[in-house]
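Breakdown of the fold
Spelled out from the first residue to the last, the chains are:
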Amino acid sequence: MRITALALIALLVAPAFADTAPDDREAEELRLQQLFMDDMADVVADLNKGSFDRLVRAIDADALLEKIFGLRLIDQRMKRDFRDRVKEPEQFAAFIQSQYAAEAEDGIKAHLLVVESRGDRGRAVVRFDMPRFQANYIEYDLRLSKGDQLEVLDWTDYLWGHRFSEHIGLSMVQAQPSESAARKLVNYPNVQQAEVFQLIEVLKATRDRNLARYFQIVDTMNVNLKRQRVIWKLGLDAARIARKRRDQRKVLVAIADYYPKDVLFALPLLDYYFPDRQYQNAYDALVRVRDHLRVNDGVSNARLSSASLVLENIAEANRYAELAVRGEPELELGWWSLLRARIAAGDFSAAIPALDKLRSTFGHELGPEDLAKDPSMKEFVRSPEYLAWIAAAGA
């Protein structure tokens, strides 16, 4: 078989390209990864200063609008008004900022945990620390423009359990529900007219925060309709916004039955699992979020320590607590977890550094009358190690 001159040249030159091209591609990939990292760090730093300017500028409004409207049957006038609002910078900025009301209650405390990318697409996970040791995780869908500018396309809020675009799109359907729009929310064929009517009534009831009406409708639904995720998402949002904890628990009980492994329901379900002492389910939910987001942060480890402790897995509780304080030594929750884990293990000497940190950094006195309120600490309060510490602290 004869090889042409052109083919021979190609064969001879190919190894050289094989050596250099991958290096060029790797260098470019590393450059893009650094851009994602630097730009997201700027966004988070801006948020921690109380400013949303950098985040708002990064949002690709056209891409976000496309995701919000999607294939949903939304009233045309509502779509037009919303598009106009998004295109007006001040209104759009105010709208975005309003979505972070819970995170900003005590001032924004954001932590950039993960930035991953491949080519011009990426993802970032940011943790927002909130009052009373609560925290939210938000995962951002990212892109770099041709000019290497960071663009935020959408994001997923794990405390509320929704993608932003889907949440806003559903809210617009909910505002003026139509038969055709409601029918598109159901994911099984041959939806009956009576079922569409029930779904419309659910949309109206949750829009108006009429939880009594909502449960009345849900109780009459057949199994197929009752298994629809949208039914429980609407109910959960309405109950949380209305601050009706009893109604919220009723919805969470149903979610735990129908969607126990849905990662977007994992954090909301903690409000049901922990009070109901379903500690293994709580532990599994925490692991589900951690593994899905691929995070290894202080809050996740501190929470897993607490869950392990109530499951009487003392060694695991100590391991997670150590990870929490090692990774984030300025996280108060981690030191509380370490204190409790050390005491549970009977290692009172090792609990003293946690006391020192909680007192010196976070201002807790930790006197006997305070700690003795917790039954798990009564033995520790009577220990020589604690008595020596409190005597030194008093001096």
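Residues numbered from 1 in each chain as written. Predicted model: local features only at pLDDT ≥ 70, side-chain atom pairs only at ≥ 80, totals over all residues. Heavy atoms only, no water.

Considering the overall build of the chain
Broken down by element type, the chain carries 21 helices and five strands. Dimensions of the chain along its principal axes, counting C-alpha atoms only, are 85 × 70 × 50 Å. In the chain, which comprises 395 residues, the share counted as buried stands at 47%. In the chain, once contacts between residues fewer than 6 apart in sequence are set aside, the share between residues at least 24 apart is 55%. Summed over its atoms, the accessible surface of the chain is roughly 20600 Å², and 51% of this surface lies on carbon and sulfur atoms. Of the side chains in the chain, 55 bear a positive and 60 a negative charge, and the two mean positions are spaced by 6 Å. (Helix = DSSP H or I, 4+ residues; strand = E, 2+ residues; numbered from the N terminus. Buried < 20%, exposed > 50% of the residue type's maximum accessible area, 1.4 Å probe, protein only. Contact = heavy atoms within 4.5 Å. Areas by Shrake-Rupley, 256 points an atom, 1.4 Å probe, with all protein chains shown as cover. Lys, Arg positive; Asp, Glu negative; His and termini not counted. Charge placed at Lys NZ, Arg CZ, Asp CG, Glu CD.)

Section: the confidence of the model for the chain
Scored by pLDDT, the chain comes out at a mean of 93, with 95% of its residues at no less than 70. Note on residues 1–17: pLDDT is under 50 here. Beyond four places in sequence and across chains, it has two contacts. (pLDDT = per-residue confidence, 0-100.)

Brief notes about the packing of helix α13 (residues 263–273) against helix α14 (residues 279–293)
Where α13 contacts α14, the two axes come as close as 9 Å, and the packing angle between them is 150 degrees. Taken as axis vectors, α13 and α14 run roughly antiparallel relative to one another. The element α13 and its partner α14 pack so that their crossing is left-handed. Residues Val263, Ala266, Leu267, Leu270 and Tyr273 of α13 form the contact with α14, whose own contacting residues are Asn281, Ala282, Ala285, Leu286, Arg288, Val289 and His292. (Axes fitted to C-alpha atoms, helices over the stretch in contact; angles between N-to-C directions. Parallel < 35°, antiparallel > 145°, perpendicular 65-115°, else oblique. Left-handed = near helix turned anticlockwise from the far one by under 90°.)

Considering the layout of surface pockets
Considered as a void within the structure, the second largest pocket measures approximately 290 Å³ in volume. Surrounding the second largest pocket, 16 residues form its lining, Lys109, Asp129, Met130, Phe133 and Leu331 being those nearest its centre. Across the lining of the second largest pocket, the residue classes break down as seven nonpolar, three polar and six charged. (1 Å grid on protein atoms, 1.4 Å probe; cavity = no way out; pocket = protein on both sides within 12 Å on 5 of 7 lines; lining within 4 Å. Points joined across faces, edges and corners; volume = space filled by probe spheres on them. Nonpolar A, V, L, I, M, F, W, Y, C, P; charged D, E, K, R; others polar.)

Regarding empty space enclosed by the protein
If a probe as big as a water molecule is rolled over the atoms, it shows which places are left empty. Counting across every chain of the model gives one cavity of 30 Å³ or more. Of the pockets and cavities examined, the largest cavity occupies roughly 50 Å³. Together, Tyr137, Leu267, Leu286, Val289, Arg290, Ser300 and Arg303 line the largest cavity. Elements with a contribution of two residues or more to the lining of the largest cavity: α14 and α15 (298–310).

Description of the pattern of salt bridges
Scanning all chains against the criterion turns up 27 salt bridges. Across the pair Arg183 and Glu179 runs a salt bridge whose closest N-O atoms are separated by 3.5 Å. Of this pair, Arg183 and Glu179 both sit in helix α7 (residues 179–183), separated by four residues, roughly a single helical turn. Overall, Arg183 belongs to the partly exposed group, its relative accessible area being 31%. Judged by relative accessible area, which is 37%, Glu179 ranks as partly exposed. Here Lys204 makes a salt bridge to Glu201, at a shortest N to O gap of 3.7 Å. Here Glu201 and Lys204 lie together in helix α8 (residues 193–207), a separation of three residues that amounts to about one turn. Judged by its relative accessible area of 15%, Glu201 falls in the buried class. (Salt bridge = Lys/Arg side-chain N within 4 Å of Asp/Glu carboxyl O.)

Points about the environment of Glu332
Structurally, the position occupied by Glu332 is in helix α17 (residues 332–344). For Glu332, a relative accessible area of 18% gives the class buried. Distance in space between the C-alpha atoms of Glu332 and Thr361 is 8.6 Å, their sequence separation being 29 residues. Contact partners of Glu332, with chain neighbours within four places excluded, come to Phe133, Leu358, Phe362 and His364. Here His364 takes part through its side chain, which lies 2.6 Å from a polar atom of the side chain of Glu332. (Polar contact = N/O pair within 3.5 Å; in protein donor to acceptor, adjacent residues only side chain to side chain.)

Considerations on unusual backbone geometry
Of note, the phi angle at Asn190 is positive, near 55 degrees, even though the residue is not glycine. With respect to the helices and strands, Asn190 occurs in the loop between α7 and α8. A positive phi is found at Arg209, a non-glycine position, where the angle reads about 55 degrees.

Some thoughts on a nonpolar patch on the surface
A cluster of nonpolar side chains, contributed by Phe274, Val310 and Leu311, occupies part of the molecular surface with about 200 Å² of accessible area. By the element assignment, Leu311 lies in the loop between α15 and α16 (314–327). (Patch = residues over 30% accessible without salt bridge, like charges linked within 9 Å, V, L, I, M, F, W, Y side chains within 5 Å.)

Quick notes on the packing of aromatic side chains
Under the counting rule described, the total for this entry stands at 16 aromatic pairs. Plain terms: the ring middles of Phe69 and Phe82 are 6.4 Å apart, the flat faces sit at 70 degrees to each other, and that makes the pair edge-to-face. Placement of the pair is Phe69 in helix α3 (residues 61–69) and Phe82 in helix α4 (residues 76–87), with a sequence separation of 13 residues. In terms of burial, Phe69 and Phe82 fall into one category: buried. Measuring from centroid to centroid gives 5.4 Å for Phe380 and Tyr386, while their planes differ by 55 degrees, and the two rings are tilted. Under the relative-accessibility criterion, Tyr386 is labelled buried at 0%. In this structure an aromatic cluster arises from ring pairing among Phe69, Phe82, Phe95, Tyr140, Trp155 and Phe164. In this structure, Lys79 packs its charged tip against the face of Phe69, placed 5.0 Å from the ring centre. (Phe/Tyr/Trp six-rings, centres within 6.5 Å; stacked < 30°, edge-to-face > 60°. Lys NZ or Arg CZ within 6 Å of the ring centre and 35° of its normal.)

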